[in-house]
Amino acid sequence: MTATTVRRGGLGLLAWLAGIVFFLPIAWMALTSFHSEADAATNPPSFTAAFTLDGYREFFGTGGGASPWPALLNSAVASVASTLLVLLLALPAAYALSIRRVRKWTDVLFFFLSTKMLPAVAGLLPVYLFAKNAGMLDNIWLLVVLYTSMNLPIAVWMMQSFLAEVPVAVIEAAQIDGARLPTVLARVVAPIALPGIAATSLICFIFSWNELLFARVLTGVVAETAPVFLTGFITSQGLFLAKVCAASLVISLPVLAAGFAAQDKLVQGLSLGAVK
């Protein structure tokens, strides 16, 4: 057995251990969600406790509580709509910064990055006052605009790296054939950079789905999102652990499903932007 084989085996074992460490909290949350509140609150926890679906019944409102479907629908609308808008805006911006570079394009990229340096809580009060004066409080489309503006800098940075790998000769050939810029972006650039676009859209979707601060302050009943709905399980009566774990698992499923469905494109996209 050579030293290279031992080193590779050690790295593989380390990767498996890291994966197990990251997976354990999710497995623990899933296991707790199938326990009763009494069994979930035991310390140390009981691994042999009977399984029950009471936490899921409570979450879906069969026990008389609020239904989670409006909040889940609001999160889906805000996340999907903002992600589509981000892609529509980021693709031509990344094209101008990578393929047909504008003057001082590095300064433009730094400006996009600098917009993420401001803490989100610092902009909360101005956004709240604007939404209040504009009559946009508790409006799902306000969250769509906010999530689009919050994710656009990251999307431009990522897609600029991805589009830099697109061969310029292919674009020039399409332009010689008479293709205009929208056609070049839709039929030439987008198919080649599809893995990068998939990776960007997945990250933007995750950020939008998980956002809590602005949604908690700017929404009420009509535009309540899933993370805001989840905070409602922490009441003055205490923390119902089994119910919270069941709700957390259900709310996490769309993100996990999207990541699993796009895992091949995600790996290709991140590799495309990292390997020069």
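This text gives an overview of the structure that appears in the document. (Residues numbered from 1 in each chain as written. Predicted model: local features only at pLDDT ≥ 70, side-chain atom pairs only at ≥ 80, totals over all residues. Heavy atoms only, no water.)

### With respect to the overall build of the chain
Logical step 1: Scanning the chain from N- to C-terminus turns up 14 helices and two strands.
Logical step 2: If one aligns the C-alpha atoms of the chain with their principal axes, the spans along those axes are about 70 × 70 × 35 Å.
Logical step 3: Taking all 276 residues of the chain together, the buried fraction comes to 36%.
Logical step 4: Counting every atom, the chain has about 15900 Å² of accessible surface; 71% of that belongs to carbon and sulfur.
Logical step 5: Of the charged side chains in the chain, 15 are positive and 12 negative; the average position of the first set lies 13 Å away from that of the second. (Helix = DSSP H or I, 4+ residues; strand = E, 2+ residues; numbered from the N terminus. Buried < 20%, exposed > 50% of the residue type's maximum accessible area, 1.4 Å probe, protein only. Areas by Shrake-Rupley, 256 points an atom, 1.4 Å probe, with all protein chains shown as cover. Lys, Arg positive; Asp, Glu negative; His and termini not counted. Charge placed at Lys NZ, Arg CZ, Asp CG, Glu CD.)

### Things to note about the side chain of K243
Logical step 1: Here K243 lies in helix α13 (residues 241-261).
Logical step 2: No salt bridge is formed by the buried K243. Its closest oppositely charged neighbour is E58, at 4.0 Å.
Logical step 3: Not counting the four nearest positions on each side in its chain, K243 is found in contact with E37, G55, E58 and F233. (Salt bridge = Lys/Arg side-chain N within 4 Å of Asp/Glu carboxyl O. Contact = heavy atoms within 4.5 Å.)

### Details of a nonpolar patch on the surface
Logical step 1: The grouping of L13, W16, L17, I20 and L24 at the surface amounts to a nonpolar patch, some 570 Å² of accessible area in total.
Logical step 2: Locating L17 in the fold gives a position in helix α1 (residues 3-33). (Patch = residues over 30% accessible without salt bridge, like charges linked within 9 Å, V, L, I, M, F, W, Y side chains within 5 Å.)

### Some details on the packing of helix α8 (residues 168-176) against helix α9 (residues 181-192)
Two quantities define a packed helix pair, namely the angle between the axes and the distance from one axis to the other.
Logical step 1: Close contact between α8 and α9 brings their axes to 11 Å; oriented N to C, the two are set at 160 degrees. Here α8 lies roughly antiparallel to α9, going by the angle between them. For the crossing formed where α8 meets α9, the hand is right-handed. Across the interface between the two elements, V170, I171, A174 and Q175 of α8 pack against V184, V188, V189 and I192 of α9.
Logical step 2: Class assignment of the residues belonging to the contact of α8 with α9 gives a composition of seven nonpolar, one polar and no charged. (Axes fitted to C-alpha atoms, helices over the stretch in contact; angles between N-to-C directions. Parallel < 35°, antiparallel > 145°, perpendicular 65-115°, else oblique. Left-handed = near helix turned anticlockwise from the far one by under 90°. Nonpolar A, V, L, I, M, F, W, Y, C, P; charged D, E, K, R; others polar.)

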